[in-house]
Amino acid sequence: MSEVQSARNPAGDPAGNPACNPACIPACIPIGNPACDSATPDDAAFRLSLRAWLASAYARFARDWPGGAAPRDLDFRRAWEDTLCANGWSGLGWPKAHGGQALPLSRQAVFHEEHARAGAPLGVNLIGHGILAPTLLHFGTDAQKARFLPGILSNREVWCQGYSEPGAGSDLASVRTRAEPVDGGYRLNGHKIWTSFADRAQWCFVLARTDPQAPKHKGLSFLLVDMRSPGVRVEPIRQITGEAEFCEVFFENVFVPQDLLLGEQNQGWKVAMAAASFERGTYFIPRLVRFAQELGTVRQLALRPDAYGHVPASSASVRHKWARLAADSHVLALKSQRALAGAMRGDPPGPEGSSTKIHWSEAHQRLLELSMQLLGESACLTDGADEQAATLTHAYLWSRAETILAGTSEIQRNIIAEQMLGLPKL
């Protein structure tokens, strides 16, 4: 019986279908290299060299960490990020004049893919490296570049992003935080929320309203705020996972010097939209590699007999869910390749990113829901007794935020409806 036929029929049922075997659920579809179609021998050599370095360096780092590898621990993640920076794996796309590597986007994509494949965690200063640094390079004055780029390159200074507010989440232009122009700078007052790693950050870039009389997109400015300034208060938000990666940030009469305005006054929306575009070619790569890895783990769970000898993959329902997720993984990889190719051509960002965001976040939730189904009672063991179960349960709980962060699914569907399908605004 072919794999296609096996996927259509329950294995091991009373009708006499064959007992379940690995062919019932094909092996994971790998994401592949988004730039592989045009890879040169030098690109291939770069990939192999990077892969070898990561395999050695990350294994050594994890082995030397007290208590062993702890990829969910923020101290572990920050220390690994420090190691990457100390070994020259930061500023990959920056000009060499500013200490960067001046690597093309295709090789930056290779780095993000191989880093994820090695099992290394995302860093704590992603906002600084991925968003603020390229924004500074594009809009910053020479003095601002000289002041802030070295701290990001070395990972000495961590940045957070002051965008979302209690009344302005996905509708970013509705922010109410006020930056009143005063002698020598601005007086900042307001309340930000869901600010990742604000309790660890030294700096925050804040979108604030400098002209309350202007239309909501027009009166915003982009400020660089020292988190150690008098009047800044940070309150961590405890998550369902037990961690507190997100924070509330309160600004109470915080003085921001004039030279910490990035771009022009009242032109902050332009800066913020440019900042949002800088990661579009590589943002999803580590997440899609992780998706494919988790899909492989779920396959193993589905093929593993339980205490009563039942193989979950003998259920057509399980196989159908897995097959849909395998298709999701493949299509998301193609979407990632398209986004990277567009970024390499210099195409302006489009609404296609909304399609990818919805697809990834909702498929990832379905993947982890299937993992919980397969784990059963083991999903409750979060104390380290079953590390695989603890990791998947943590990922499942964390994934509940993925349809909210970076623009809710509702907002993304509005963008698709209006900008891709041409439907009228309600």
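Structure report, in brief.

Thresholds applied
- Residues numbered from 1 in each chain as written.
- Predicted model: local features only at pLDDT ≥ 70, side-chain atom pairs only at ≥ 80, totals over all residues.
- Heavy atoms only, no water.
- Helix = DSSP H or I, 4+ residues; strand = E, 2+ residues; numbered from the N terminus.
- Buried < 20%, exposed > 50% of the residue type's maximum accessible area, 1.4 Å probe, protein only.
- Contact = heavy atoms within 4.5 Å.
- Areas by Shrake-Rupley, 256 points an atom, 1.4 Å probe, with all protein chains shown as cover.
- Phe/Tyr/Trp six-rings, centres within 6.5 Å; stacked < 30°, edge-to-face > 60°.
- Lys NZ or Arg CZ within 6 Å of the ring centre and 35° of its normal.
- Core = buried A, V, L, I, M, F, W, Y, C linked by side-chain atoms within 4.5 Å.
- Pairing = 2+ DSSP bridges.
- Expected span 1.5 Å × (residues − 1).
- Arc of directions from axis to C-beta.

From N to C terminus, the protein includes 12 helices and 8 strands. Across the 426 residues of the protein, 47% fall into the buried class. Partitioning the intrachain contacts of the protein with sequence separation of at least 6 by distance along the chain shows that 72% fall at a separation of at least 24. A total accessible area of about 20,200 Å² is found for the protein, and carbon and sulfur atoms account for 54% of it.

Evaluated as defined, the whole model comprises 19 aromatic pairs. Ring centres of Phe61 and Trp65 lie 5.7 Å apart, and the angle between their planes is 35°; this geometry places the pair in the tilted category. Among the aromatic residues, ring-to-ring pairing joins Phe46, Trp53, Tyr58, Phe61, Trp65, Phe76, Trp80, Trp89 and Phe111 into one connected group. Across the ring face of Phe250, the terminal group of Arg233 is positioned such that the distance to the ring centre comes to 4.2 Å. Over the face of the ring belonging to Tyr283 we find Arg287, whose NZ or CZ atom lies 3.9 Å from the ring centre.

The next subject is unusual backbone geometry. For residues besides glycine, phi is generally negative; the peptide bonds are generally trans as well. For Ala102, which is not glycine, the phi torsion reads 55° and is therefore positive. By secondary structure assignment, the location of Ala102 is in the loop between α3 (74–86) and α4 (105–117). For Phe197, which is not a glycine, the phi torsion comes out positive at approximately 60°. Mapping Phe197 onto the fold places it in the loop between β3 (185–192) and β4 (203–209). On the accessibility criterion, Phe197 (7% relative accessible area) is buried.

Judged by nonpolar contacts, the single largest core of 51 residues is most densely connected at Trp159, Leu188, Phe205, Phe222 and Leu224. With residues near it in sequence (within four places) discarded, Leu224 still touches Leu132, Leu136, Phe148, Trp159, Trp203, Cys204, Phe205, Val256, Leu260 and Leu262. Judged by nonpolar contacts, the second largest core, of 26 residues, contains Leu288, Val318, Ala389 and Ala395.

This part is about the pairing of strand β7 (residues 246–257). Alignment of β3 against β7, held across 7 bridges, turns out to be antiparallel. What sits directly across from Tyr186, in β7, is Val256.

Another aspect to go through is helix α12 (residues 409–420). Every α-helix winds through 3.6 residues per turn, so residues three or four apart in the chain are directed the same way. An ideal rise of 1.5 Å per residue puts 16 Å on 12 residues; α12 measures up with 15 Å between its terminal C-alpha atoms. All of the buried residues in α12 are Ser409, Gln412, Ile416 and Ala417. Here the buried residues of α12 occupy an arc of 140° about the axis, which is enough to place them on one side. Of the exposed residues in α12, those oriented more than 90 degrees away from the buried face are Glu410 and Gln419. Check the buried side of α12 and you find it contacts α10 (352–375). Remark: Gly422 follows α12 within two positions and exhibits a positive phi of approximately 70°.

The analysis is restricted to geometry; functional conclusions fall outside its scope.
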